[in-house]
Amino acid sequence: KLLPSGTAQHYVALSTGIRLHYLELKPSIYGVKDNGITVVFVHGFPELSFSWKDQMKAVAQSGYTAIAPDMRGYGFTDCPAEVDLYSTKYLGDDLDALLDSLGVSKAVFVGHDWGGFVVGSSCLDDG
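Residues numbered from 1 in each chain as written. Predicted model: local features only at pLDDT ≥ 70, side-chain atom pairs only at ≥ 80, totals over all residues. Heavy atoms only, no water.

Caption draft 1: Representation of the pattern of salt bridges. Scanning all chains against the criterion turns up four salt bridges. A salt bridge links Arg72 to Asp94; the shortest N-O distance between them is 2.7 Å. Of the two residues, Arg72 sits in the loop between strand 4 (65-69) and helix 2 (88-102) while Asp94 sits in helix 2, which places them 22 residues apart along the sequence. Under the relative-accessibility criterion, Arg72 is labelled buried at 4%. Overall, the relative accessible area of 2% leaves Asp94 in the buried class. Here Asp93 and Lys89 are joined by a salt bridge, their closest N and O atoms 2.6 Å apart. Residue Asp93 and its partner Lys89 are both found in helix 2; the two are separated by four residues, about one turn of the helix. (Salt bridge = Lys/Arg side-chain N within 4 Å of Asp/Glu carboxyl O. Helix = DSSP H or I, 4+ residues; strand = E, 2+ residues; numbered from the N terminus. Buried < 20%, exposed > 50% of the residue type's maximum accessible area, 1.4 Å probe, protein only.)

Caption draft 2: The packing of helix 2 against helix 3 (residues 114-124), seen in detail. Taken N-terminus to C-terminus, the directions of helix 2 and helix 3 make an angle of 80°; their axes are 9 Å apart at the nearest point. As summarised for this structure, helix 2 and helix 3 are arranged roughly perpendicular, according to the angle between their axes. Only Trp114, Phe117, Val118, Ser121 and Ser122 of helix 3 make contact with helix 2, whose side of the interface consists of Thr88, Leu91, Gly92 and Leu95. (Axes fitted to C-alpha atoms, helices over the stretch in contact; angles between N-to-C directions. Parallel < 35°, antiparallel > 145°, perpendicular 65-115°, else oblique. Contact = heavy atoms within 4.5 Å.)

Caption draft 3: How the structure looks around the sheet that holds strand 3 (residues 38-42). Pairing is mixed across the open sheet formed by five strands, whose spatial order is 1-2-4-3-5. The open sheet has two edge strands with one neighbour each: strand 1 (8-13) and strand 5 (108-111). If you compare each strand with its neighbour and ignore which way they point, the axes differ by 25° on average. One ladder, built from six bridges, connects strand 1 with strand 2 (residues 19-25); its direction is antiparallel. Considered in strand 2, the bridge of Gln9 is made with Leu23. The strands touched by helix 1 (residues 53-61) are strand 2, strand 3 and strand 4; relative to strand 2, the strand with the most contacts, the crossing angle is about 55°. (Pairing = 2+ DSSP bridges.)

Caption draft 4: Structural context of helix 3. By the burial criterion, the buried members of helix 3 are Gly115, Val118 and Val119. Buried positions in helix 3, seen along its axis, are confined to an arc of 95° and lie on one side of it. In this fold, the buried residues of helix 3 make contact with strand 3, helix 2 and strand 5. (Arc of directions from axis to C-beta.)

Caption draft 5: Quick look at unusual backbone geometry. Between Phe45 and the following residue, Pro46, the backbone shows a cis peptide bond with an omega angle of -10°. The backbone of Asp113 sits at a positive phi, close to 60°, despite the residue not being glycine. For Asp113, the location among the structural elements is in the loop between strand 5 and helix 3.

In structure tokens:
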């Protein structure tokens, strides 16, 4: 098996115009009470949501909902042709739109490589 048992794969049409693919692993799969906190794992280059499979399992087993999107241009998520649409602003907007679509008002973000830069930049953004 490539993904931990119980990992759900979803597609969502974001308000940014992007169709985004993401993985989700809930604590209930492991018989653990959900503490209401969502952890979003943001991959770097050249990775995918799948890169976080082991961390997602550990987080879900600890009572957190784990989410890992395929970022814009990667995996099963849309790939706009315009290079300008890959700035940290647009990538951060996709993360915000994902949380909005899931009804999540607060989340913990974990980023690796380019994903870490996107997460850090998004935290500093006013909008």
